[in-house]
Amino acid sequence: MVIEIKPQEKDYDTLALRVFLKALEIIGGPKKLFEYRNLTWVPSLMEACYAVVLKEEGMKTEDEIAEFIGITKQTVRNMLSADPDLVLKKLEGELETKEVKVHTAGGLAKLAYREVKEGRDNIPFVISVCKTYLSQLFGVVWPVEVLTVIKGLSFPVENRNILKERLKGIQVKGKYAEELIDMIEFPVRSPADLLHKLKEAAT
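In this convention, every chain numbers its residues from 1, walking through the sequence in written order. Note on the predicted model: pLDDT of at least 70 is required for a residue's local features to be given, and 80 or more for side-chain atom pairs to be given and counted; whole-chain, interface and lining totals, by contrast, use all residues. Where side-chain values are given, they derive from all heavy atoms of the structure, hydrogens and water being excluded.

Undergrad: Teacher, can you tell me more about the overall build of the protein here?
TA: Note on conventions: DSSP H or I runs of at least 4 residues are helices, E runs of at least 2 residues are strands, and numbering of each starts at the N terminus. Of the regular secondary structure elements, the protein holds 12 helices and two strands. Overall, the protein shows an N-to-C arrangement of helices and strands of α-α-α-α-α-α-α-α-α-α-β-β-α-α. Split into buried and exposed, the 203 residues of the protein put 48% on the buried side. Partitioning the intrachain contacts of the protein with sequence separation of at least 6 by distance along the chain shows that 66% fall at a separation of at least 24. For the protein, the accessible area works out to roughly 10,800 Å², and carbon and sulfur atoms hold 52% of it. Type-normalised accessible area, obtained with a 1.4 Å probe on protein chains alone, sets the label of each residue: buried when under 20%, exposed when over 50%, and partly exposed for intermediate values. Here, residues are in contact when the closest pair of their heavy atoms is within 4.5 Å. Areas reported as accessible are Shrake-Rupley estimates using a 1.4 Å probe. Residue values count occlusion only from the protein chains shown.

Undergrad: Honestly, helix α7 (residues 102-117) in this entry has me stumped. Any pointers?
TA: Each turn of an α-helix holds 3.6 residues, which means side chains three or four residues apart point in the same direction. For a helix, the expected span equals 1.5 Å multiplied by the number of residues minus one. For α7, spanning 16 residues, the distance from its first C-alpha to its last is 22 Å, which sits close to the expected 22 Å at 1.5 Å a residue. Residues of α7 that are buried include every one of T104, A105, G106, G107, L108, A109, L111, A112, Y113, E115 and V116, and no others. G119, located one to two residues past α7, shows a positive phi value of around 85°.

Undergrad: Even after reading the chapter, I still don't get empty space enclosed by the protein, so can you show me in this structure?
TA: To find the voids left in a structure, one rolls a probe of water-molecule size over its atoms. Every definition here rests on a 1 Å grid over the protein atoms only: cavities are sets of points where a 1.4 Å probe fits but cannot get out, pockets are open sets enclosed by protein on both sides within 12 Å along at least five of seven lines, and lining residues have some atom within 4 Å of a point. Grid points are joined across faces, edges and corners, and a volume is the space filled by probe spheres set on the points. Counted under the stated rule, the structure contains one cavity of 30 Å³ or more. Considering only enclosed or pocket space, the largest cavity measures out at about 30 Å³ in volume. Lining the largest cavity, in full, are P43, M46, E47, P143, L195 and H196. Counting only elements with at least two residues in the lining of the largest cavity, the list comes to α3 (42-56) and α12 (191-202). Any residue outside Ala, Val, Leu, Ile, Met, Phe, Trp, Tyr, Cys, Pro, Asp, Glu, Lys and Arg is labelled polar, Gly included; the first ten of those are nonpolar and the last four are charged. In terms of residue class, the lining of the largest cavity is built from four nonpolar, one polar and one charged.

Undergrad: Is there a simple way to think about the packing of aromatic side chains in this case?
TA: Each aromatic ring pair is characterised by the separation of its centres together with the angle its planes make. Stacked, tilted and edge-to-face are the three classes assigned to paired rings of Phe, Tyr and Trp, where Trp is represented by its six-membered ring and a pair needs centres within 6.5 Å; plane angles under 30 degrees give stacked, over 60 edge-to-face, the rest tilted. If you walk through the whole model with that rule in mind, you get one aromatic pair. Measuring from ring centre to ring centre gives 6.3 Å for Y50 and F68, while their planes differ by 40°; the resulting arrangement is tilted. Placement of Y50 in helix α3 and of F68 in helix α4 (residues 62-69) is noted, with a sequence separation of 18 residues between them. Given the relative accessible area of 0%, Y50 is considered buried. Using a relative accessible area of 24% as the deciding quantity, one classes F68 as partly exposed.

Structure representation (structure tokens):
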């Protein structure tokens, strides 16, 4: 009898979070972040980090990435076509207006991914420091909190109560995540899809 051994699925969630935190570090660290309150673009940056990780690590197509995250194929294309070497020049001006464009978020995610893959990240320290500062902003810490509490959860998720229990107490833009769960469409296909749907429901 031949037993087929399937290759283990890579932990895209953990790597995407590492890339996300590295991206926050690249733009100037927690002190710089604190200067930019109401960072509504942070969830978009998380989506871009997922897109880059899925492309580079999972060899996923634009269609597959769009479905996994829950965004349009064109948005994925804009993220992945960004030039990481030009992003820092554009980023400062966009941060001043608090509106980082999808293309710029994609370039920043690519740059952060490159840094992480070359070993230039200190995850325990970055998570600790970013959480400390981000918690002082308006709702910015929630993507990190959500990814933390759903670690190990099997996707897709069909049961609302499972997510309500996991997300209890977490606030997304001033609204409780467990209440937002009643407003989103199921099934939830992936952690990235959950972040996207929570962001949309809280808007």
